[in-house]
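Understanding the architecture of this molecule
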Amino acid sequence: MDGQWRAPGAGGGGMSSSLAVLDLHPAPANMRQLVIEGLSRSPKQLPAWFLYDQEGSRLFDLICEQPEYSLTNTETALLEREAPAIANALGEGTLVEFGAGSARKVGPLLRAMANPAYVALDISADHLANACQRLQQQFPQVPILGVCCDYSQMERLPQHPLLSGTAHLGFFPGSSLGNFTPEAARTLLKQFRHLLGPSSQLLIGMDQPKEVERLEAAYDDAAGVSAAFARNLLVRLNRDLDGSFMPERFHYRARWCADNSHIEMALVSRCPQQVQVADRHWHFAEGEALITETSAKYSPKAFEELARSAGWQSKQRWSDPADDLSLHLLVQAD
Ligand code: AVI
């Protein structure tokens, strides 16, 4: 393994010896190629992760504070309320969070579990170091490892004392699986199963279908933050791939597609226009959509079926009082 161990903030003093960050140097994605592929499709669609440059991440945090977008607050409250029961069902072991980001959801579990250890996997080295340091200050007794990696491409979890001889307890909150197509979601669930290994468990947060008005408002809030989040994609393409998008020539649309049980978010061209990006010219007809993201909602039954098709079996489920979303605890099916 060509990873590099370092204590984050080395030289800054005050770091606990139970915190380490391992940088596996994930290969940078070929954005140009992905844009060419995405804009050649019909309808045009780009990978959702393009939305998350620095400004996009800031806007997403702001979306989570909008009254219409209750997912984050509901899941956080559910985790806090049910942490003792979840900890009891999980038993002892190492929590492995996939795409930990700022790791703001794991706190209640670390508080409730007996002798927890925590491993955060994320593709952004900066995010990871900051999140791990903040958590270590909050939980000085918990051994923490940050791993900078692309977990979707990883062959195995790194060899490390926190990951050997302990049960692996996967954690994937935030309904992030909903941003994948069902096929890609199945592939990812299989990858989690492979990485976590036999006898592991996976705790995963999934948003559920609800009234169309509520869903569409959650993804098109009155303050316009969701729209700004989508439009920032064009700003990013202009900056990173020498694009010529004029964001004001697109309007934002979020609509529920019942057939796919997903919200589709798109920027819709206000007029016929020609745009240059990734060294090519692209035509947009008036009313033509560029899909920026989809967000699938799974009923408990639909999610359990998806999980089963990826080799996971449902063990327990916790839900908020309105039954808007679920935390599913899965165990390996064989
Ligand atoms: C990250 N993910 C679960 C969000 C969602 O609800 O699908 C992304 C998002 N995009 C716009 N609003 C929220």
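Please read these numbers as outputs of a predicted model, since none were measured by experiment.

Here's the deal with the site of the ligand
Taken together, 14 residues surround the ligand, and among them Tyr-69, Asn-179, Tyr-219, Glu-293 and Ser-295 come closest. With respect to the ligand, the side chain of Tyr-219 contributes an N or O atom lying 2.5 Å from an oxygen atom. The side chain of Ser-295 places a nitrogen or oxygen atom 2.6 Å from an oxygen atom of the ligand. Taken by itself the ligand offers 340 Å² of open surface, and the protein chains cover 96% of this. Tallied by class, residues from the shell around the ligand come to 8 nonpolar, 5 polar and 1 charged.

Remarks on the sheet that holds strand β3 (residues 44-45)
Taken in spatial order, the 4 strands line up as β3-β13-β10-β9 in an open sheet, and their pairing is mixed. Looking at the sheet topology across the chains shown, the edges are occupied by β3 and β9 (250-257). In the sheet, β9 pairs with strand β10 (residues 262-269) via 8 bridges, with the strands oriented antiparallel. Paired with Tyr-252 across the bridge in β10 is Leu-267. Each of β9, β10 and β13 (289-296) is contacted by helix α8 (residues 225-240), which is oriented at about 120 degrees to β9, the strand it contacts most.

Some thoughts on the state of the cysteines
This model, assessed by the stated rule, comprises 0 disulfides. With no disulfide partner, Cys-149 has as its closest neighbouring cysteine sulfur the one in Cys-148, 6.9 Å distant.

Regarding the pattern of salt bridges
Applying the stated criterion across every chain, the model contains 18 salt bridges. A salt bridge links Lys-210 to Asp-207; the nearest nitrogen and oxygen atoms lie 2.6 Å apart. Accessibility expressed as a relative area gives 18% for Lys-210, which makes it buried. Using a relative accessible area of 6% as the deciding quantity, one classes Asp-207 as buried. A salt bridge links Arg-317 to Asp-323; the nearest nitrogen and oxygen atoms lie 3.3 Å apart. In this structure Asp-323 comes out as partly exposed when scored by relative accessible area, which is 36%. Each member of the salt-bridge network shares a partner with another, and the members are Asp-53, Arg-236, Arg-239 and Asp-240.

Rules used throughout
Residues numbered from 1 in each chain as written. Predicted model: local features only at pLDDT ≥ 70, side-chain atom pairs only at ≥ 80, totals over all residues. Heavy atoms only, no water. Near = heavy atom within 4 Å. Polar contact = N/O pair within 3.5 Å; in protein donor to acceptor, adjacent residues only side chain to side chain. Areas by Shrake-Rupley, 256 points an atom, 1.4 Å probe, with all protein chains shown as cover. Nonpolar A, V, L, I, M, F, W, Y, C, P; charged D, E, K, R; others polar. Pairing = 2+ DSSP bridges. Helix = DSSP H or I, 4+ residues; strand = E, 2+ residues; numbered from the N terminus. Contact = heavy atoms within 4.5 Å. Axes fitted to C-alpha atoms, helices over the stretch in contact; angles between N-to-C directions. Disulfide = S-S within 2.5 Å. Salt bridge = Lys/Arg side-chain N within 4 Å of Asp/Glu carboxyl O. Buried < 20%, exposed > 50% of the residue type's maximum accessible area, 1.4 Å probe, protein only.

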